[in-house]
Amino acid sequence: MIGEAVAMLHGTQNRDGGWPSSHGRASSTECTSLATLALARLDAGERAAADRGVRWLVACQNADGSWPLHRETGTPSWTTALATLTIASITDEPSCAGRGARWLLRQQPRTPGMLASLVYRVAPQARVVQLDPELRGWPWTSGVSSFVEPTAYALLALKRLRPRLSGAEVGARIDEAERMIYDRMCRDGGWNYGNSAVLGADLWPYADVTALTLLSLADHRGRRENERSLAALRRMLTQVDSGLALSWAALCLSAYGQDVAPLLRRLHLSWTRTHFLADTRSIALAVLAATDGARAVAP
Amino acid sequence: MTSGLPRRAFLSGALVSAALAGCSRPARWDRSVVHQGSRSRIAIVPARDYDDRLVEIVLRGVRMFALDVARKTVVLKPNFVEFDPAGVVNTHPALVAAAIEAFRRAGAREVIVAEGPGHHRDTEHLLTASGLYGVLREARARYVDLNGDDVRAVRARSHYTGLGELYLPETVLKADLLVSMPKLKTHHWAGVTLSMKNMFGCLPGSVYGFPKNVLHWAGITESIVDINSTLPVRRFAIVDGIVGMEGNGPIQGDRKHCGVLVFGEDPVAVDATSARLMTIDPRRVPYLAEAGRFLGHLAEDRIEQIGEPIDRLRQDFTVLPSFAHMKRFA
């Protein structure tokens, strides 16, 4: 599988050095970050492609330290965390990653205001969603509320860079974001996009988001919530066979010191069935998972 | 999730905003999007089950309209939000298969299936678990994940959200005909989710987040209206009402057999008719009440039923208590 997947990554890399979500589209920061991270772990022959990916990322960084979704859009985006993580993991270019981290630390997600906070404190059962509205993580887009997946990416980036970041606010922000994530955990463990219940009805978790989130919390592996969510992930993995979910799960379980060989065999089978719909993100994560990439991303 | 606001506060705020907006009366839509024509034609076609008669039924429904799709690119936009093995969340894959075949028989050059799932980023899981992947392979039809498609900023042609412009996927912008294929469902924020709400899936999650939460902050009613008035593509709708969802839709409601497909070109008239099939007064659904002012026809006497009459196929869909007023016909 790895050989075919790597060949597919080479085949989809754009002439500008970035990777698109699938063949023929514009390069995106998310896909370029993940493909670069994956190929950088391979031998020198593959590193040339990864180096072009790094150059694309460096060239696309905005003056404020953020990254856009695509070079053409320019607007700062959630993919800043992924680009920061990638550069911090594989290059000796601290200024780029540091500026990305500082942009992340400046982001303030939207909170629903005093009235909603008051209702949460006084009568939490009256709210349509059961979550603490004041806990800040990171949003998908500036000006809206925190969600689990962008917060998990930001945690991975900030934890990797933490030794190089100064200021008490770094630890405080990481701590608050972790509390936000635990607050949004589903009843039986695991996470979806960021809501455990709506209008009193429990929502179910997703395997890919749960694995990613657990990965970002791997430095808290002894916590009861992590154990419950790992159990939830194992249950979900009996139902899910996608490249995205299996790859994140292999990275996650590897970071928790568990045997991932059975998952990698399933990943191989899944590849033969669907080729992961030629989705660059899934292919890159599969390469990363198959090359013990947890060490490149886990805290 | 919509926002952290409690429902009552949210609705009160929306009413105050609407009242204030009414005082100043800014131009809320461009003249270019005002619906033309004094009447709209809608077809309600019985379809008891998801069986192999569907292709003929869909083809018959499509041919009731003067849709020239010969040598054109048709994009089918079903509703695939997330997968629940016990639920009826998504447009049935058999209906998507039937629509692919029907539009091919009608002469389309290419039929593409495209969706930007609202909750789930794991498209491969959604497609394989739901059975849509098998349908696409069998039909050799191309699927585009709109959440990751290339996008272009398009100036909004109505101005309810204040977003100013919308990022729309190239696959949708290049279509000759965009076919909304929603499930007939109730919705715990919007009242109902039909062909117009289904267009949320045209806006990429990479830009608008999951579950398209930028649009939730901008207002669901407001976003539905702005998206539908801004899409610069010819539109058609096929509503999957064979088995719908009542109660706590769009995810956790209960199945409701209704045995119909609804066809039409005017999205407001399609949704108004679909709501009436659910015994819901479309005039009490905020997005329909607003869209009915300029984007299409809402009033029954402006909608010509060219298939079965509503009364023969109407079902009593239950709604959440907060939407009980929608069941009282004015």
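Right above here is the structure, for reference.
Remember, it's a predicted structure, so these values are computed and weren't measured experimentally.

Enquirer: Got a minute to help me understand the overall build of chain A in this structure?
Expert: Helices and strands together make up the secondary structure of chain A, namely 14 helices and four strands. The globule rule puts the C-alpha radius of gyration for 299 residues at 19 Å, and the 19 Å found for chain A is close to it. Across the 299 residues that make up chain A, the buried fraction comes to 63%. When contacts within chain A are restricted to residue pairs at least 6 apart in sequence, those whose partners lie at least 24 apart make up 64%. Surface summary for chain A: the accessible area is close to 11000 Å², and the carbon and sulfur share equals 52%. In chain A, 33 side chains carry a positive charge and 28 a negative one; their mean positions are 2 Å apart.

Enquirer: Where do I start with the environment of Arg28(B) in this structure?
Expert: All names here are of chain B. Mapping arginine 28 onto the fold places it in the loop between helix 1 (7-24) and strand 1 (40-46). According to the relative accessible area criterion, arginine 28 is partly exposed, its value standing at 21%. Arginine 28 sits 131 residues away from histidine 159 along the chain, and the two C-alpha atoms are 5.0 Å apart.

Enquirer: I keep staring at the interface of chain A and chain B and nothing clicks. Help me out?
Expert: By a frequent convention, interface size equals the accessible area lost on bringing the separate parts together. Counting residues at the interface gives 49 residues for chain A and 41 residues for chain B. Of all residues in chain A, Arg25(A), Trp204(A) and Leu277(A) give up the largest surface area on contact with chain B, accounting jointly for 16% of the area buried on that side. Where chain A packs against chain B, one counts three salt bridges. With its nearest N and O atoms 3.3 Å apart, the salt bridge here joins Asp149(B) to Arg25(A). For the pair chain A and chain B, the interface holds 19 residue pairs in polar contact (both at pLDDT 80 or more). Those elements giving two or more residues to the side of chain A that touches chain B turn out to be helix 6 (114-122), helix 7 (148-161), strand 4 (201-202), helix 11 (243-255) and helix 12 (261-274) of chain A. Residues of the side of chain A that touches chain B, tallied by class, amount to 27 nonpolar, 12 polar and 10 charged.

Enquirer: In this structure, what is going on with the side chain of Ser270(A)? I would like to understand it.
Expert: As for its placement among the helices and strands, Ser270(A) is situated in helix 12. Of the residues examined, Ser270(A) reaches a relative accessible area of 1% and is grouped as buried. Here Ser270(A) is in contact with Asp241(A), Ser242(A), Gly243(A), Leu246(A), His275(A), Phe276(A) and Glu124(B), once residues within four sequence places are set aside.

Enquirer: Would you explain helix 2 (residues 54-63) of chain B in this entry?
Expert: Each α-helix winds once per 3.6 residues, and so residues spaced three or four apart point in a common direction. Along helix 2 of chain B, seven of the 10 residues are buried, which leaves the element largely enclosed by surrounding structure. Check the buried side of helix 2 of chain B and you find it contacts strand 1, helix 3 (93-105), strand 10 (235-246) and strand 11 (254-264) of chain B.

Rules behind the numbers
- Residues numbered from 1 in each chain as written.
- Chains lettered and ligands numbered in written order.
- Predicted model: local features only at pLDDT ≥ 70, side-chain atom pairs only at ≥ 80, totals over all residues.
- Heavy atoms only, no water.
- Helix = DSSP H or I, 4+ residues; strand = E, 2+ residues; numbered from the N terminus.
- Rg over C-alpha atoms; globule rule 2.2 N^0.38 Å.
- Buried < 20%, exposed > 50% of the residue type's maximum accessible area, 1.4 Å probe, protein only.
- Contact = heavy atoms within 4.5 Å.
- Areas by Shrake-Rupley, 256 points an atom, 1.4 Å probe, with all protein chains shown as cover.
- Lys, Arg positive; Asp, Glu negative; His and termini not counted.
- Charge placed at Lys NZ, Arg CZ, Asp CG, Glu CD.
- Buried area = accessible area lost by both parts, 1.4 Å probe.
- Salt bridge = Lys/Arg side-chain N within 4 Å of Asp/Glu carboxyl O.
- Polar contact = N/O pair within 3.5 Å; in protein donor to acceptor, adjacent residues only side chain to side chain.
- Nonpolar A, V, L, I, M, F, W, Y, C, P; charged D, E, K, R; others polar.

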